[in-house]
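Listed below, chain by chain, are the residues.
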Protein chains: 2
Amino acid sequence: MAERRRGLVLVAHGSRREASNDEVRRVAAQLAEQSAGRFEMIHAAFLELAEPLIPAGVQCCIDNGMEEVVVLPYFLSAGRHVVEDIPAEVAKVNNTTGAEVRIAPYLGAAPGLADILLEQSEK
Amino acid sequence: MAERRRGLVLVAHGSRREASNDEVRRVAAQLAEQSAGRFEMIHAAFLELAEPLIPAGVQCCIDNGMEEVVVLPYFLSAGRHVVEDIPAEVAKVNNTTGAEVRIAPYLGAAPGLADILLEQSEK
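Residues numbered from 1 in each chain as written. Chains lettered and ligands numbered in written order. Predicted model: local features only at pLDDT ≥ 70, side-chain atom pairs only at ≥ 80, totals over all residues. Heavy atoms only, no water.

A. Layout of unusual backbone geometry. With omega at -5°, the peptide bond leading from A:E51 into A:P52 counts as cis. For A:L49, which is not a glycine, the phi torsion comes out positive at approximately 70°. Tracing the backbone shows A:L49 in the loop between strand 2 (41-46) and helix 2 (54-63). Residue class for A:L49 comes out partly exposed when judged on its relative accessible area of 42%. Despite not being glycine, B:A36 has its phi angle at roughly 50°, a positive value. Secondary-structure assignment places B:A36 in the loop between helix 1 (18-34) and strand 2 (41-46). Overall, the relative accessible area of 72% leaves B:A36 in the exposed class. (Helix = DSSP H or I, 4+ residues; strand = E, 2+ residues; numbered from the N terminus. Buried < 20%, exposed > 50% of the residue type's maximum accessible area, 1.4 Å probe, protein only.)

So this is what it looks like as structure tokens:
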């Protein structure tokens, strides 16, 4: 069986400060560099205040033939944005191809975060 | 030379949603578990909306005899909070003992973040 074509959408809140949005886009670019081909498309999308919004970011993957789209919340806490708003935005996507669209656990839930914080504390 | 007594203050924004503040406190507790004695005291502090505030969190380390206090911003982007507000709050501390108080790079600048995000994307 051929591997499925996969897209990754890194979702952040979005800011009026464009430099913060660009910072998220750079993280997405870094993910693309390091993903070693696990994802064919990787880009950032935003809940509000910046483009593309979440539905457009996911739609772009579907329209480009991705069979699986992973939405990855770039958030540190499981607040309303993660629990309610992101799923609601993802549900707006017009999934005409029947692609699998799923939401991965948010960054703050990652077990490796403590190690990274301890590394930062020595810098 | 004896090793210096060190404290770590994990600084988050603070939320009206107490569960989010508790989530930060749990990350601080996890850091304490994993720090292997590199820090004698580790706790969370907040820019606003939750206790302790940053000056109190740092002061607590100084008053307990820490000779070095590392303030670690639990933030994903280098916005105003990281660039201006956290340093301004840290400057309010009454550093009577001459402890070294320094602000570590914020979480979003950590080089290992991309690896953790890619791990999350497979969950």
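Let us keep going from here.
B. Spatial organisation of helix 3 (residues 80-90) of chain A. Residues and elements named next belong to chain A. Those residues of helix 3 not exposed but buried are V82, D85, I86, E89 and V90. Viewed end-on, helix 3 has its buried residues packed into an arc of 130°, placing them on one side of the element. Exposed and oriented more than 90 degrees from the buried face of helix 3 are R80 and V83. Check the buried side of helix 3 and you find it contacts strand 1 (6-12), helix 2, strand 3 (68-73) and strand 4 (100-103). (Arc of directions from axis to C-beta. Contact = heavy atoms within 4.5 Å.)

C. Structural context of the nonpolar core. If you look at the biggest cluster of nonpolar residues, it comprises 48 residues, and the most contacted ones within it are A:L10, A:Y74, A:L107, B:L10, B:Y74 and B:L107. Not counting residues up to four positions away in its chain, the partners in contact with B:L10 are A:L117, B:V24, B:V27, B:A28, B:L31, B:H43, B:A44, B:A45, B:L72 and B:Y74. (Core = buried A, V, L, I, M, F, W, Y, C linked by side-chain atoms within 4.5 Å.)

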